[in-house]
Amino acid sequence: MKEIFVFFKRLIDADTDSLRALILTIDGVEYVDNTCRFTIRGLFHSLDGGSLSYEEFRSQLYAGTLNADLKKRGYQIQVCCSSGNVDTSWYRLVKLGEERFQ
């Protein structure tokens, strides 16, 4: 699941114009209010899923250390808009100290 961290590292390191250009091409991933928002399915498709099924990808994502790895860089993944279902909820990448709860 290293490719997920690499994806978010690219988002963290990108300038705003590059970030918008990257996200415009991915369904289920968007740039809103100066932050990247995504669904789990959008994240799966943005990474092309590799050899994993969506269900395997989602399981590995939740079992992994993504937030711990991102915290070392000063960021975290936060629920943005909960639908009560992980497949249809939206998440966002936020800088620590700039978290917003809705």
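Check the entry above for the structure.
Keep in mind it's a predicted model, so treat the numbers as computed, not measured. (Residues numbered from 1 in each chain as written. Predicted model: local features only at pLDDT ≥ 70, side-chain atom pairs only at ≥ 80, totals over all residues. Heavy atoms only, no water.)

Draft legend 1. Quick look at the pattern of salt bridges. Counting across every chain of the model gives four salt bridges. The shortest N-O distance in the salt bridge between D87 and R58 comes to 2.7 Å. Note that D87 is positioned in the loop between β3 (75–81) and β4 (90–95) and R58 in helix α4 (residues 54–63), a separation of 29 residues in sequence. If you follow the salt bridges from partner to partner, you end up with K9, D13 and R73 in one network. (Salt bridge = Lys/Arg side-chain N within 4 Å of Asp/Glu carboxyl O. Helix = DSSP H or I, 4+ residues; strand = E, 2+ residues; numbered from the N terminus.)

Draft legend 2. Layout of the nonpolar core. F8, L43 and L93 are the most contacted members of the largest nonpolar core, which has 22 residues in total. Those residues in contact with F8 that sit more than four places away from it in its chain are F38, L43, L66, L70, I77 and L93. (Core = buried A, V, L, I, M, F, W, Y, C linked by side-chain atoms within 4.5 Å. Buried < 20%, exposed > 50% of the residue type's maximum accessible area, 1.4 Å probe, protein only. Contact = heavy atoms within 4.5 Å.)

Draft legend 3. Region of interest: the environment of V79. Position of V79 relative to the elements: it lies in strand β3. Taking the C-alpha atoms as reference, V79 lies 6.3 Å from W90; in sequence the two are 11 residues apart. With sequence-adjacent residues up to four places away left out, V79 is seen in contact with W90, Y91 and R92.

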